[in-house]
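Letter by letter, the chains look like this.
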Amino acid sequence: MADFRKLVIAALAAGILSGLLLSVLQYYLTQPLILAAEQFEAPATGSEHEWQPENGWQRFAFTMLFNGLSGFGFALLLSAAMYWHGTGGYWRGLLWGSAGYLVFFAAPSLGLPPELPGTDSAALLSRQAWWLFTAASTVAGLYGLLLSKNHGLQIAGGMLAAAPHLIGAPHPEIAQALAPEALQQRFVVMSAFSNALFWLSLGALAGFSMTKLKL
Amino acid sequence: MKTLAGSSVVYSAKFLPGLSAIVLGLTVILGLGFMQDANNYIHNAAHDGRHSAAFPCH
């Protein structure tokens, strides 16, 4: 299991550094939009007594923690895929990072774009299920289309990748949002941009660390 | 024995380390992005991160 330890170390390095980068981007690009959207929300009923991080540094510290940990988790998946495929180095890592962006951000966002607080949406469980189904079928799709030389697998992969979008993401019957449309659109663009940089950084750093660790 | 395309990864020494990394990675991601706890502690702490990463929130 020496290799497992190396994968964890590579993922920690890539995840923490990329998580820091994402936190800086969010601090300037998306966090102000989330706070602005909350101004349109009525004071939450029933959640008054709930614990939540205080606005300001405490709230941002939790976001940084989230980014570092999710960076670690995503980097583990990315490193394991590169390890199985026998790839390393930061140039190759950039390509694998782009694939990660497609799987975990772009494809789910096609049906369920990043939302500001106060936006109506369908039942949480159905959206989570669609999100997971989309990520999984995009992995299968990319594998079939880009890595397999078997025509059957290529066709099956393409169909799987398209399936969640043909079925369609769950949406509420009447959708309405409290924040203005312009704010929401800006949030989608800024999230897409900051997550793209995050995934490129994650892939490059994971590939680089794996080569350094001789994985 | 190097690539998945050879479909031999399952029998190779690379199978278990890779699988362990994937299981740990999925546990971290599902916990952070999808867990709904009764008191909303995890939800509220992870709130902004979930919104910005396009995880379904609320």
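Residues numbered from 1 in each chain as written. Chains lettered and ligands numbered in written order. Predicted model: local features only at pLDDT ≥ 70, side-chain atom pairs only at ≥ 80, totals over all residues. Heavy atoms only, no water.

A. Inspection of the interface of chain B and chain A at higher detail. Taken residue by residue, the interface counts 43 residues in chain B and 48 residues in chain A. Surface buried jointly by chain B and chain A totals about 3800 Å² across both partners, of which 70% is contributed by carbon and sulfur atoms. Taken together, chain B and chain A are joined by 1 salt bridge. Among the salt bridges present, the one from R59 of chain A reaches D48 of chain B, with a minimum N-O distance of 2.6 Å. For the interface between chain B and chain A, the tally reads 9 residue pairs in polar contact (both at pLDDT 80 or more). Going through the elements one at a time, α1 (15–34) and α2 (41–52) of chain B are the ones with two or more residues in the side of chain B that touches chain A. Sorting elements by how many residues they give to the side of chain B that touches chain A places α1 of chain B first, with 17 residues. (Contact = heavy atoms within 4.5 Å. Buried area = accessible area lost by both parts, 1.4 Å probe. Salt bridge = Lys/Arg side-chain N within 4 Å of Asp/Glu carboxyl O. Polar contact = N/O pair within 3.5 Å; in protein donor to acceptor, adjacent residues only side chain to side chain. Helix = DSSP H or I, 4+ residues; strand = E, 2+ residues; numbered from the N terminus.)

B. Up close: the side chain of T63 of chain A. Relative to the elements of secondary structure, T63 of chain A occurs in helix α3 (residues 57–85). Overall, the relative accessible area of 2% leaves T63 of chain A in the buried class. Residue contacts for T63 of chain A: discarding those within four places in its chain leaves Q26 of chain A together with D48 and G49 of chain B. (Buried < 20%, exposed > 50% of the residue type's maximum accessible area, 1.4 Å probe, protein only.)

C. Structural view of the UniProt feature "transmembrane region" (unreviewed entry) in chain B. UniProt feature "transmembrane region" (unreviewed entry): in the numbering of this structure it lies at residues 15–35 of chain B. Between the end C-alpha atoms of residues 15–35 of chain B there is a gap of 28 Å, over a span that is 95% helix and 0% strand. (UniProt positions renumbered as here; feature names shortened; annotations may be inferred.)

D. Structural detail: a nonpolar patch on the surface. A surface patch of nonpolar side chains, about 340 Å² in accessible area, is lined by L12, I16, L17 and L20 of chain A. For I16 of chain A, the location among the structural elements is in helix α1 (residues 2–29). (Patch = residues over 30% accessible without salt bridge, like charges linked within 9 Å, V, L, I, M, F, W, Y side chains within 5 Å. Areas by Shrake-Rupley, 256 points an atom, 1.4 Å probe, with all protein chains shown as cover.)

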